[in-house]
Structures are given as C-alpha cells and as structure tokens.
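Notes for the structure review
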Amino acid sequence: GAEENRIFYVAAEDGAGATTFLRDFAWRAAAEGYPTLVAGRGPVTVTGLEMSGFLTRLVTGGRDDIDGGRLYETPCVMVFDQNHWAGREPELLSFVREITRSGRRVCVLTATGPYVGLQILAERSFIELTTLSHQVMPGQALSLGQHLNRFLAPHGTDRSEQEWQSFFAASSVATGQGVAAFWIVLSFWLQRQVDLGETVQARVYRQFTTHVHDDAMRLALLRIAAFSTVGEPLPDELLPDSTTWPVSDCIEDKRKELGVLGLVRVRGEVERYWAMAHNLLGRYLINGLFYDHATREGLGFGDAANPEHLRFLLLKELAALPTLQSARLREVADTFAVSIFKVDPDHGHATLTPFWREVLDALDGMPRALRTTSRTFLHHCSISRRRIASDPDTFVMSDGERVELLRRATDDLRAALRLDGVPGAETDINLYNSLAHALHDLAEAEAAAGFDQSVVAASRAEAQEATRRAYALNPDNSFVVETHARALLAEGAANDAVAVQRALEVLNLAYGLMERPASEPRRNALSRLAERAFDLLMSGGGARDGDPDTEAGAIAFALAALSGGMSRSNGRPLSELSSDNRSAAAALLAAPVLAGNVQAVKLRYMLTVIDAPFNFDTQIGLLEALHGSGPAFTPQMELELGVLMFQVDRSHEGDRLFKRLRSLWRRGEHYVEVPTRLHWLLTAARSERRQVRARVVSSSEGRAFARVAEFRDVEVPFRPAEFGQARPVPGAALTAFVSFGHNGPLLRPLTAAWR
C-alpha cells in the first residue's frame, strides 16, 4: 500500500553516469509496465498535492491495468536527477509524504552526490540502490573497447587492442578528476577529435579561443560552464545581453564548431536552458581561462587567485543579476543558498571554504526581493553561517565575529518564520529546529566572548522556546528530538530541582531513537546524549539522597539497575542491554511513587515492548496512563495505542482514535510507523493471524469498505483486486486477515504473506 512508498537513491560522483543510469532505469521500468515519470532537466516546481491529483487522474482516468479480470493500481515510478532535490531532502520527503497521504503508490528514484547527508541516512523512507564512481580497471576498459568495436567496425573506425591500452594509460591517471577524464575523452577520441598528445583541457580551451571572439559570447559560455560545474543548466535569461544578435542563437550557430565543449540545449514547455554534457568540461574551460592572463583580465576576472576562485567569481556575477528576482527563476535563485554557495565541509560542501567570507558577501549581494521573500533562501543562508561559526578548527575568526555570524543566522531564521508558508517551501518545523540550534550555539559563543550573563540567558531562553515550538509541531522527528534533548540537558544543568527529571526524559528520547530502524548513522550522537543524561542524573541533588521513596531517588535506583555493570558510553539501545538489567529496572519503575511520573511510565513501556512484545494488556494500560500528558505522548505512541485497541477488542475506541490521527496526518508531517509486532491482527494467543468475517458496504467515497463482524461492524477499507473483484460488490461476504498502517486497519486476503 501507500505506506510502503520509498525513495531509492543512487550515490554518485559528479559525472559518473547517474543521469544515464536513472534514464536507463526509467526505460526498463516503463518496459515492465510501470507508469514512469521522468523529471525534465530544468527545476521542478510541482508540489506533492499537485502530483497527487495528477496520479489520481492517471489511475482513475487512464487505461485500467487488467490482470485476469482484476483491477489493481500499479505503483508509479518517479525519477529525479540530482539537481532537482540537492540540498532539499526534507522537501523531497514532504513531497512523497503528501502523495502517500493521498493513498497513491509511488517508487521515487533520485541521485545524490558521493556524500550522503544524515537527513537521508537517518530516515527509513530513503534506501540506497547503488553507488557509482569513475573507477575503471584496465580489463574493464579493454572489454568496453571490444564491445564498442562491434559498432565501430562497419564504419571503419574501430580501434586495436593496443590503441585501447594506450588510451587507457594516457587518460586514466590516479587522481579523482583523472579517472573521470577516461569517460570524457572517450567520446572525442573515438571521433578522432583529440589525440593522446593533447589534454582535453587544452583542446577545450583551444576551441574556445579559436572560434569565439565576441566578449558577450565568451561570457555566455563561461556562465554555462560555471553552472555546469554545479550540475545545473543555465536559463536563457541569465545569458549576457548582446548588441547584435541574441546570444542564445549565436551559441546554437556555433555548436558544431565547439563540439568538444559538449554544449547541450535543454527545453521545457516554455523554458530554455544551456548546459555542458559533463561537469568537468566546464571546469576545463574555466581552468584554461585562468592560465590565459590576458583574456581573463580582459573579461574582468583579473583578481582571481586560482581556478576555483575564478569559478566562484563567475557564479558570484550570476548571483547578482537582477533577473533572478523573477518568480520563474525562484528555484534557480534558491539553489545558490541551498547548494551552489553552501559552505559546510562536514556535509560535502567544502570547495568554497577558503573564501567563505566572499561567499557570504555574495549571498548578501543577491537581489533584495529574493533575500526578503524566500523561506528556503533565508534558511539555507543561516545554515551556512551557523556551520561556519560552529567550526573553529576550520574557520578562524575572533569570538566577536563568531557571535555576529550566529546573530545574523538567527535573524534570517526569524525573518523566514515571519513569511507565510507555501507548498514546497521550508516548513515551520525545519525553521524552528534550525533556530533552536543557532540560538544554542549563539549562547555558547556569547558566553565564550564574555558577554553579560543576562544576554547569554536571554539567548538560552529563546533557544528553549524555539525547541518547544519545534517539538510541539512534531515530537517524532528524530532531528527535532535531538534538539529537544539538548535543550533539556541545558535546562537540567542550570536547575538542580529538575535535573533528575530532565535526565530521565533525555534517556527516554535517546533510547527511543536508538530503537528506530534507521538509527545507526546517529548512534554516536545518541550515545553521547545518553551519557550526558546519566552524568546529569548522577550529579543532580535529588539523586544523591538515595531515598527510593522519592521520585528522584526511585528514578536513580531504576537507572542504576538498567546500566549496572556496563559502560554508559557504548551507545547500545535498550534491546541490546542485559535482559536481567531491563527486568530489574522495569520492576523499580513500577514503584507507586512513580505511578504519576510520565517519563518513568514511558521508559517502562519501552522496556515492556522489548521483553513482553505481545503483552498487549500491559502495553495498552501504560499508554493510556500516558494519554493526555502533552508532547511526551507522541503521535507514534498514539498510533500504537490505536492498533492495540483493535488487538484487545476495543475496536470502536480504536476507530475513533484513527479518525483523529488521519486528521492529524493531513494537517502536518509526522514520522510514524507501525511496529512489526503490531502489523497484523493476532489471535488471543498472539501466535497466529486472526481471521475476520466482513460484508461489503456501498460507499460514495470511491473506496471499498466492508463491515467487520469481529470489530462490531466498524467499516474497514480493502482493495477489491486483492479479493478477485473488479469493483466492490455490496453485500458480498469476505473472509480476511487485517493489517495495520498509519491510517488504521486494512482487510487483506488469506493469501497475503505474513512478513
């Protein structure tokens, strides 16, 4: 069903063939009968809601997929290239979740750079499909040559084995870009456009200087080259003006003579773009210009310190163009903050690190209308500033400058929050989470710079409020939870009276995240949170009195039993701790003095799920004790309570709960999933799936429902095709199993696999 929608990604080095791989995959998927959509080369502006509407029309208005007379919705494959979502992974996730909420079934395929961000690694919906690199071995090169010779021989252009060996030796040197050069040179070498005695860079630049003499044309090609180095096609609107003939037409006229530059024309419904066939061709052209001092100075780039700086200056010139203010170019303009000018060495954005001050100035020099109206632009500018200010080893600056950078980052985030949210833009939860991080860092920087304690306290208080706002919006978002835990630790460290309670709350958050399927990339960070929570617990005044009749003392005894005999810093989740320790801790947490302690009950529930996964009666009792306790009772817990109510024959209560949850899913984004132990309705012995009897009812909503006798006639949806029906037949009797998703129960045929 739609809850199984996934985003598969291909991690690829620049120019390693990701686009070719994606398009080949799309062709094969379409050939197998899957409706397949491939995004064009330009920016994607469609929202998840718009795509949901399109897919609904595709399913209901197109040709039905008939299999033995049964109607069934075939999942749609959607293919995006790296430039479509680079730096916007949370937006991609929102895009897919909107489609999922509509009930449509999709498999999304996209590409990333070789550095995969934590937002991908820590989210279950993202699954790595494969990795692509430039690496090629001598034997592989020869095999490729033998394969290509079959097609070259009829034209008399095949190459001997010795020629292939010489070509490989000349083009595949042991450097990152050198390996990629094998694939770039290959096409030109086969067409005899280059010989092995001339580098590709020399050939590219020689064609540029030989065939292009007009300054507007030269600048146009350099702008295309600069944009190609960042994997983006250049819109025609960003080409320079010409006093004679439109530059775009001049490029078209020269394309044949400039063959080695690999110029590609990209056309949308209305938009027109230029690009180069490979990102390294753009780098070769820019590198060649850097070493041609006279031409470089004539074009106004005499101040370039090195080829990378020249590339930045070309991009900076583009970023300052007033044309970027137009609504049609908003996606292109946002990309400067999202990826082109992003400075974040730990997340793969390190090339512009040496001139980070110039980069920040370039962002400030972009059109004011953009800088004051785009949530995305403001958010990503603030991320760069915060990452720069928070890395003193890489970015050397005074304490005062660090404070100013962080204050500017917080100002940008506050400005973004004042703007109205629109579909596809940054969400409030992302902005509040980033604001909380920036304010925490600001408080630390102000303290290090010797600011008055009242100033530091004000920043910390605002950080706590931003954290609270983010956590209230979605207490199941792992990044928000980590930010919330950081705020709780700071609060506990500043106030002994709440230290023990905050320490337990952080442990619950850390252990809860560790149990998630995609927690491995964050294991070290979560381990550090747990260790700091234990340290805070042991240092809290309430924990030192050793009185088990007080809440603080009882919590201290229970957690001491949980961690007894083990290192706190090993980063193991609860399920990997000693079962004896878990049992002892659960018994201590059941003490009467902790009956009303939300965090103690929450930890006890997590322990019960591990050691008694099918003790549904105890689990439902603990969750009901937590119900109404505010953010501590998360939508994930509410989802589990709803399923448990169906499991213990309280179906009407469960149905009411899921109606509320479906409304909650429609209003916002929530990271929830049904645990494996609750995926199917089970018998009383919890050893087998329970069969139910149902009768189909008529419905005007376009979906098929049946009243389930075992649920006291609660109506449950089903897929007619799975039960051999082309369409729902009112009154028909069904015998089925019941599976649970985030929207509630679903009838499944008796042939459904138990997984």
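Look a little higher up for the structure.
Small disclaimer: the values here were computed from a predicted structure and weren't measured.

Brief notes about the nonpolar core
Counting 139 residues, the largest nonpolar core has Ile251 and Phe341 as its most contacted members. When residues in this core are grouped by element, the largest group, 11 residues, is from helix H23 (residues 499–514). Ignoring any residue separated from it by four or fewer positions in sequence, one finds Ile251 in contact with Met217, Ala220, Leu221, Ile224, Leu239, Leu263 and Trp274. Of all hydrophobic cores here, the second largest spans 47 residues; its members include Tyr605, Leu644, Met645 and Leu664.

What about the environment of Trp164?
Among the structural elements, Trp164 can be located in helix H7 (residues 161–171). Given a relative accessible area of 2%, Trp164 falls into the buried group. Measuring from C-alpha to C-alpha, the distance between Trp164 and Gln207 comes to 25 Å, with 43 residues separating the pair along the chain.

Observations regarding the packing of aromatic side chains
Evaluated as defined, the whole model comprises 17 aromatic pairs. Seen in terms of ring centroids, Trp356 and Phe395 are 5.9 Å apart; in terms of plane orientation they differ by 85 degrees. Their pairing is edge-to-face. Of the two residues, Trp356 sits in helix H16 (residues 356–364) while Phe395 sits in the loop between helix H18 (375–389) and helix H19 (399–418), which places them 39 residues apart along the sequence. As far as burial versus exposure is concerned, Trp356 and Phe395 are alike and both buried. The ring of Trp680 is capped by Arg689, whose NZ or CZ atom sits 4.6 Å from the centre of that ring. Geometry around Phe737 places Arg689 over its ring, the cationic atom sitting 4.1 Å from the centre.

Focus on the packing of helix H30 (residues 635–647) against helix H31 (residues 651–667)
At a closest axis distance of 8 Å, the pairing of H30 and H31 adopts a crossing angle of 150 degrees. With respect to H31, the element H30 is oriented roughly antiparallel. Like other packed secondary-structure pairs, H30 and H31 cross with a definite hand, here left-handed. Contacts between H30 and H31 involve Pro635, Glu638, Leu639, Leu641, Gly642, Val643, Met645 and Phe646 on the former and, on the latter, Ser651, Glu653, Gly654, Asp655, Leu657, Phe658, Arg660, Leu661, Leu664 and Trp665. The class makeup of the residues in the contact of H30 with H31 is 11 nonpolar, three polar and four charged.

Structural notes on the pattern of salt bridges
Side chains carrying opposite charge are able to pair once their charged atoms draw close together. In total, this model carries 37 salt bridges according to the counting rule given. Here Glu317 and Arg223 are joined by a salt bridge, their closest N and O atoms 3.3 Å apart. Residue Glu317 is located in helix H14 (residues 307–319), and its partner Arg223 is located in helix H10 (residues 215–229); the two are separated by 94 residues in the primary sequence. The residue Arg502 makes a salt bridge to Glu505 at a minimum N-O spacing of 3.8 Å. Of the two residues, Arg502 and Glu505 both sit in helix H23, three residues apart, roughly one turn of that helix.

Criteria and cut-off values
- Residues numbered from 1 in each chain as written.
- Predicted model: local features only at pLDDT ≥ 70, side-chain atom pairs only at ≥ 80, totals over all residues.
- Heavy atoms only, no water.
- Core = buried A, V, L, I, M, F, W, Y, C linked by side-chain atoms within 4.5 Å.
- Buried < 20%, exposed > 50% of the residue type's maximum accessible area, 1.4 Å probe, protein only.
- Helix = DSSP H or I, 4+ residues; strand = E, 2+ residues; numbered from the N terminus.
- Contact = heavy atoms within 4.5 Å.
- Phe/Tyr/Trp six-rings, centres within 6.5 Å; stacked < 30°, edge-to-face > 60°.
- Lys NZ or Arg CZ within 6 Å of the ring centre and 35° of its normal.
- Axes fitted to C-alpha atoms, helices over the stretch in contact; angles between N-to-C directions.
- Parallel < 35°, antiparallel > 145°, perpendicular 65-115°, else oblique.
- Left-handed = near helix turned anticlockwise from the far one by under 90°.
- Nonpolar A, V, L, I, M, F, W, Y, C, P; charged D, E, K, R; others polar.
- Salt bridge = Lys/Arg side-chain N within 4 Å of Asp/Glu carboxyl O.

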